[in-house]
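Listed below are the residues making up each chain.
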Amino acid sequence: MPDGGVLPPVLNVECSLAGRRWQPRVGNSVSVDERLGLAMSQRFDLPEIIGRLLALRGIGLDDAESFLQPSLKSALPDPSHLKDMDAAVARIVDALENCEPLAVFGDYDVDGATSAAILHRYFASIGADLRIYVPDRIKEGYGPNAEALLKLHRDGMRVVFTVDCGITAHDSLTAAQKAGLDVIVLDHHVAESALPPAAAVVNPNRLDDNSPHKTLAAVGVAFLFLVALNRALRARGKFSSGAEPDLIALLDLVALGTVCDVVPLIGLNRVLVAQGLRIMARRQNTGLKVLADVASITSPPGTYHAGFLLGPRINAGGRVGQADLGARLLATDDPIVALSLAEKLDHYNTERKAIEQAVLNEAMALAEQQVADGVSFILVADRGWHPGVIGIVASRIVDRFNRPACVAGIDGSIAKASCRSVAGIDLGAAIVAARQAGLLMSGGGHKMAGGFTAAADGIDAVHAFLRERLDWASVVVGAVRALTIDATLTPAAATRSLQQEIEKVGPFGAGNAEPRFALAGVRIAKADIVGDAHVRCQLADSQGCRLKAIAFGCAAEPLGQALLQSRGGGLHLAGKLRADDWQGREDVQFLIDDGALLAR
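From a predicted model like this one, the values you see are computed outputs, not experimental measurements.

Some points on the pairing of strand 11 (residues 449–455)
Then step 1. Buried residues dominate strand 11, accounting for 5 of its 7 residues.
Then step 2. By the bridge criterion, 7 bridges tie strand 9 (residues 414–420) to strand 11 in an arrangement that is antiparallel. Within strand 11, the position partnered with arginine 420 by the bridge is alanine 449.
Then step 3. Hairpin geometry of strand 10 (residues 442–445) and strand 11 is characterised by an intervening segment of 3 residues between the two adjacent antiparallel strands.

Side note on unusual backbone geometry
Then step 1. In this structure, the amide linkage connecting glycine 506 to the following residue, proline 507, adopts the cis form with an omega of 5°.
Then step 2. Along the chain, proline 507 falls in the loop between helix 19 (496–503) and strand 14 (517–530).
Then step 3. In the Ramachandran plot, cysteine 99 falls in the positive-phi region, its phi being about 55° despite a non-glycine side chain.
Then step 4. With respect to the element layout, cysteine 99 can be found in the loop between helix 5 (85–97) and strand 2 (102–106).

A word on the sheet that holds strand 4 (residues 159–163)
Then step 1. Taken together, 5 strands build an open sheet; the order of strands is 3-2-4-5-6 and the sheet is parallel. If you trace the sheet from one side to the other, it starts and ends with strand 3 (130–133) and strand 6 (200–202), each paired once. Strand-to-strand, the axes of this sheet are offset by a mean angle of 20°, without reference to chain direction.
Then step 2. Taken strand by strand, helix 6 (residues 110–125) contacts strand 2, strand 3, strand 4 and strand 5 (182–186), and its axis lies near 145° from that of strand 4.
Then step 3. Lying on the sheet, helix 9 (residues 218–235) is in contact with strand 4, strand 5 and strand 6; it crosses strand 5 at an angle near 120°.

What counts and how
- Residues numbered from 1 in each chain as written.
- Predicted model: local features only at pLDDT ≥ 70, side-chain atom pairs only at ≥ 80, totals over all residues.
- Heavy atoms only, no water.
- Buried < 20%, exposed > 50% of the residue type's maximum accessible area, 1.4 Å probe, protein only.
- Helix = DSSP H or I, 4+ residues; strand = E, 2+ residues; numbered from the N terminus.
- Pairing = 2+ DSSP bridges.
- Axes fitted to C-alpha atoms, helices over the stretch in contact; angles between N-to-C directions.
- Contact = heavy atoms within 4.5 Å.

Rendered as structure tokens:
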């Protein structure tokens, strides 16, 4: 097949057990990938498959060394390149010199919690207090509200940061300004041409900001602010008689927030996460250490642990419990307080799972009907859906149907929605357009996610507006349901040493997908159900080589049934190679994403 044509599916799988086409990953072109991959493997003494993985991710010979050894020293930009950064720093330097009370208004997700926590920890390290305020998701909704800001002002606050929110809060920030409260916005969401009134608005996604770092999470923006503030305080002689704050020690939280906000792990984001995971492994943050223990994390943390074990627990307080628990946990150095907070969050996470499943069942049924009716942009809504889980449910719908989706919970006359998108469709901009058209009370977001509040009786109009704006793109994306495969492997080749080499291409996440491999015609030597509907397997090839494998939560689905009923038969399998360090072992296992029956 010539480069540029449609490549045949991997192992001829046109429709897998999950209804997917196994699409080979291709970078610039097939021939270029092969030549470049071989050249990199030879130059850097890497297994040939690792060179191929680099080539498939667009890494060239000149970039490979810095990619394999990400360095903060070389990647960190001058924070002053961001609009209003110097104004934000100057205002805080004055506030510190005049002992003005400070507060941070954070969002209730992981990005907001980590942003608030790194600010709190930094100010504590220089002897300054910073009050943390996180709004109640149900009572106050998303973003800064005038009542809360004015309350902070009445309590004596003179400067308030908003982190991971604030860029569209025109009315609330206007009220704060009139009261004499200075607000510094540290955000990353889509901005409009008119910015809210504030002492400073630092956001790489301001329309007048040409920063190349537009994919930063809010915690990344907050970290750059602290780099700039630390530099200014050093110039003022703040640290002449003592040690400077350890900014590097904050990178564990920067990595956590960046991974959990699902921003692309490329460029500066990738460096922040790579370095941050190393800091996280040192277990220096008391709250994070205790939470890892509660979550039974025993191996060195990676993006999986951050995104699927730590993140959901931190999020749980804002979803179904007390919104500020996550930020307080990450900010505290008291092990007794940390344990109490971590156990509460773990409890709320269990509660969240039950609520989520109930909403998911109802929302998925409505989404299926819309897809059957030919709708390619999904918006489902109903009364009683808990606003704390609708974002997760939206993600599940996107995963199922490969098209953007909004899920709204209705309470009285108000509908609050969380939305998720797919690559190539800017959902945040569409939500902003709907708000500008007068269809929403509030709303915003970024390319991959957003949210809005609207009148319950206006949901149909919102759906129609967003469909008209996005349907042309959704049809293209939704029509192709592909599972991307990087390469084929045999069980004999799936070793711990190969898995360790693969880790050099990480950290993995949005924008740097974890490599997925296909195993051809492997025999299911053993399969049983463990835990919560997981299917545990022993795979074998024709040479008798064995490989442990697991497919999560699929016992009742076609994939799980095929694994359980194979009775020694063979399947093509697709999945990822992961370390298995349970109980101190150093092994490897295959995480099964999909499977296909052998052609007869």
